[in-house]
Amino acid sequence: MMLRVLSRLRTAATSVALLRGFSTTPQSLNCRIGCASGFWGDTMCAAPQLVKQGDINYLVMDYLSEITMSLLTAAKQKSPEFGYTPDFVHTVMSPLLTDIKQKNIKVLANAGGVNPHQCAKVLAQLAADRGVELKIAVVEGDDLMPKLEELRSSGIKSMDSQAAMPATIQSMNAYLGAFPLAHCLSRGADVVISGRCVDSALVLAPLIHEYGWGPTDYDKLATGSLAGHLVECGAQCTGGIFTDWDHINGWDNIGFPIVEFDGSPDQFVLTKPPNTGGEVSTATAAEQLLYEISDPSCYLLPDVTCDFTNVQIQPVQDKLGEAVHVFGAKGKPPSSMYKVSATYADGYRATALCPVVGPRAADKANKTANSILTRTRNIFKQLKLPDYTDTCVKALGSESTYGPHSREGVSASREVVLWFAVSHSNKKALEIFSREIAPAGTGMAPGLTGLVGGRPRVSPILKLFSFLYPKDSVPVSVTVDGTMETLPCGSHDPVEEDSSQCPSNNDGNVAGGDCCYKLSELAYLRSGDKGDTANIGVIARHPDIFPYLKSHVTAELVQKYFYHLIDPSVQDTPCVSRYELPGTCALNFVLPQSLGGGGIASLRCDPLGKAYGQMLADLEIRNVPDLSKTLN
């Protein structure tokens, strides 16, 4: 009876999808999807592990970041044969083609970059040479560079600052959704290659295909998107970069994530291949849930607007440390707009790394850097060159990145690394800077042991420019077996991010006490980035601790703690926001303009905010009762 009901639901959802122009055909009840790549450059061990040990139906790989798109655009400009991620073809697919075909594993990857057809062509030739028959599909439409002048003349503004479009745009890609990928699967594709799509779409697409979910099945789409969000960064949800890292074993063979659906539309299991390292627990999954999100009640994706505030993560009792049960995601209609990420050139940068050893090593590093800056500025004046646009000098090892929170006496370290980064509008100026680093080894402080990697390399600065663009102005097409088809775009009522869900910063109704704890003793912490914005997830180690986190860890406190890293233009205004996720007993803090520009535009040693959670770990939570029994 249950299977008949499920079949009717699938048929109804498929009918809705077909009315919107997407073909989806329910296939099977159980579906296991493994993610083998969280970025271009992830370990080559992941895909073989999942294919050989994971018992998966689908293998997905995410390769693209905003900066990667810009680099691939530059590569294609040099040669029409470049512009995709060759690792996908030669490192992942080549040695696994036979296994993938024999096990009937379908593959989805955004490895196409800005040249998905070339990626498909190279893979098809490789498969033919091996005698492996593959039906390869290509999804395109995300690359908006052909519309550059049209968009510029239309007065497009930044979605963050309302600034006009820069003159030096290098790449411009819309974040596509999952339905075009699912359509390729419905056409029998063995491999689906796309350009830019939202990361979680690679997981959502197989679920749409398998279960016949339609464009208005918002709760189902939110659940599938949550599954994609948890696994899109690979081992980050299976024990990688976990707060309690010292409790995690097997990094050398860490298990890569698998999500398993059994046909239930509102829940799934997160797990990993057997006999692999790492851990899948409520804490490792909850950390990843909060990774790189802002308002958890309004997580905007191309196919659905997700509400993750009441998501729950529970251990699977007979697989402790190996699997968790995830449920509680809710969905609303998506926006009628695509988010588009463009990158643009804005000068040049160079970074020098130099070990410094001996008494007062930090003082020597700082004096050396300041002397080089003075010398090169004098040269610039003689050559009528402008000053640096930005500089960053840090003595790593002296806790200089902590600012006022560095420990007393640590600046007296006898061993530091000088992080010395500069930017300039003129490449020639930085070539002068690069030449003037080495002379410090004979004419400045003692104990400078060398230059890591030799003289600093001068490279372009690429910054992010994001804007919204109507979906109905972005034709998306799929090509399967040489036949191209343009897909219609469903229209939706616009959904704006709702900041009214941001809670008050102090509940004021918890018991006081005489105890003091470090935040990491009470909570797990995970941080990440979106452009120049960082976020920090704070997850209570026990539900009974959550009220104390809400009461003591306020937006004002976090802003004060990171004051030295926030852009001066917003330092003295309430810029940090706090959001609650009661389902996981967590808080999410969003810190805009805190990464020095973020990504490759930042001169800092942590341009992605990866360490922000760890920096907050030592924050002292005072005047609370004895929580030792709860923690144990």
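Right above here is the structure, for reference.
Note that the coordinates shown come from a computational prediction; the quantities given were computed from them, not determined experimentally.

### Structural notes on the state of the cysteines
Scanning the model with the defined rule gives zero disulfides in all. As a non-bridged cysteine, C237 has C35 as the owner of its nearest cysteine sulfur, 8.1 Å distant. For C237, a relative accessible area of 0% puts it in the buried group. The thiol of C298 is not disulfide-bonded; the next cysteine sulfur, from C306, is found 9.5 Å away. Judged by relative accessible area, which is 2%, C298 ranks as buried.

### Things to note about the sheet that holds strand 10 (residues 305–307)
Reading across the sheet, the three strands line up as 9-10-13 and stay open at both edges, with antiparallel pairing between neighbours. One side of each edge strand has no neighbouring strand; the edge strands of this open sheet are strand 9 (299–300) and strand 13 (330–332). Where strand 10 and strand 13 come together, three bridges link them in antiparallel fashion. Bridge pairing in strand 13 links D307 to K330. The sheet contacts of helix 9 (residues 218–231) involve strand 9, strand 10 and strand 13, and relative to strand 13 the element is tilted by about 115°.

### Here's the deal with the nonpolar core
Soluble globular proteins tend to bury their nonpolar side chains together. Counting 84 residues, the largest nonpolar core has M172 and F467 as the members making the most contacts within it. In terms of residue count, helix 8 (residues 201–211) provides more of this core than any other element does, eight residues in total. By size, the runner-up hydrophobic cluster in this structure holds 41 residues, among which are A46, A120, V132 and A235.

### Details of the side chain of K106
Within the secondary structure, K106 is located in strand 3 (residues 106–109). Looking at K106, the relative accessible area reads 18%, which means it is buried. Only 2.9 Å separates the side chain of K106 from the side chain of D190, close enough to count as a polar contact. K106 has contacts with N57, Y58, L59, L185, A189 and D190, leaving out every residue within four places of it along the chain.

### Some points on the sheet that holds strand 22 (residues 533–540)
Hydrogen bonding along the main chain pairs the strands of a sheet, whether they run parallel or antiparallel. The strand order across the open sheet formed by four strands is 21-22-24-23, and the pairing between neighbours is antiparallel. Two strands close off the open sheet at either side, each with one partner strand: strand 21 (523–530) and strand 23 (577–581). On average, each strand axis in the sheet is tilted by 20° relative to the strand beside it, whichever way the strands run. Pairing of strand 21 with strand 22, which is carried by eight bridges, proceeds in the antiparallel orientation. The residue bridging S527 from the neighbouring strand is I536, located in strand 22. On top of the sheet, helix 10 (residues 282–289) reaches strand 21, strand 22 and strand 23; it is set at about 30° to strand 21, its chief contact.

### Examining the packing of helix 4 (residues 86–102) against helix 5 (residues 116–130)
Here helix 4 crosses helix 5 at 30°, and the two axes come no closer than 11 Å. As the angle between them shows, helix 4 and helix 5 are arranged roughly parallel. The chirality of how helix 4 crosses helix 5 is right-handed. Across from F88, V89, H90, M93, S94 and L97 in helix 4, the residues of helix 5 making contact are C119, V122, L123, L126, A127 and R130. Here the residues of the contact of helix 4 with helix 5 are counted per class, giving nine nonpolar, two polar and one charged.

### Considerations on the environment of S602
Examined against the element boundaries, S602 turns out to sit in the loop between strand 24 (586–591) and helix 17 (612–616). Note: C-alpha distance between S602 and T630 (28 residues apart in sequence) is 41 Å. Look past the residues within four positions of S602 in its chain and what remains in contact with it is R349, L595, G596, G597 and P607. At a separation of 3.1 Å, a polar atom in the side chain of S602 contacts the main-chain amide nitrogen of R604.

### What about the side chain of E436?
For E436, the location among the structural elements is in the loop between helix 12 (427–435) and helix 13 (440–443). E436 sits in the buried class, given a relative accessible area of 19%. In contact with E436, not counting residues within four places along its chain, are I372, R375, T376 and I379.

### Observations regarding helix 2 (residues 46–53)
Residues of helix 2 that are buried: A46, A47, Q49, L50 and V51. Of the surrounding elements, those touching the buried residues of helix 2 are strand 1 (31–35), strand 2 (58–61), helix 4 and strand 7 (258–261). Residue D55 follows helix 2 closely and has a positive phi angle near 50°.

### Let's talk about the packing of helix 9 against helix 10
The geometry of a pair of packed helices is captured by two quantities: the angle between their axes and the separation between those axes. Look at helix 9 against helix 10: their axes get within 8 Å of each other, and the N-to-C directions meet at 100°. Here helix 9 is positioned roughly perpendicular relative to helix 10, judged by the angle of their axes. Contacts from L226, H229 and L230 in helix 9 reach A285, Q288 and L289 in helix 10.

### Describing the pairing of strand 12 (residues 323–327)
Summarising the sheet, strand 8 (residues 267–271) and strand 12 pair through five bridges and their orientation is antiparallel. Of the residues in strand 12, the one forming a bridge with Q267 is F327. Of the strand pairs in this sheet, strand 11 (residues 312–315) and strand 12 are connected by four bridges, and their pairing is antiparallel. When the sheet's bridge partners are listed, I313 is paired in strand 12 with V326.

### A short note on the environment of T343
Turning to its location among the elements, T343 is positioned in strand 14 (residues 337–357). The spacing of T343 and N378 is 35 residues in sequence and 33 Å in space, taken between C-alpha atoms. Those residues in contact with T343 that sit more than four places away from it in its chain are E66, I67, S70, T168, I169, Q170, S171, K463 and L464. Within the structure, the side chain of T343 is placed 2.6 Å from the side chain of S171, a separation counted as a polar contact.

Cut-offs used in this document
- Residues numbered from 1 in each chain as written.
- Predicted model: local features only at pLDDT ≥ 70, side-chain atom pairs only at ≥ 80, totals over all residues.
- Heavy atoms only, no water.
- Disulfide = S-S within 2.5 Å.
- Buried < 20%, exposed > 50% of the residue type's maximum accessible area, 1.4 Å probe, protein only.
- Pairing = 2+ DSSP bridges.
- Helix = DSSP H or I, 4+ residues; strand = E, 2+ residues; numbered from the N terminus.
- Contact = heavy atoms within 4.5 Å.
- Axes fitted to C-alpha atoms, helices over the stretch in contact; angles between N-to-C directions.
- Core = buried A, V, L, I, M, F, W, Y, C linked by side-chain atoms within 4.5 Å.
- Polar contact = N/O pair within 3.5 Å; in protein donor to acceptor, adjacent residues only side chain to side chain.
- Parallel < 35°, antiparallel > 145°, perpendicular 65-115°, else oblique.
- Left-handed = near helix turned anticlockwise from the far one by under 90°.
- Nonpolar A, V, L, I, M, F, W, Y, C, P; charged D, E, K, R; others polar.

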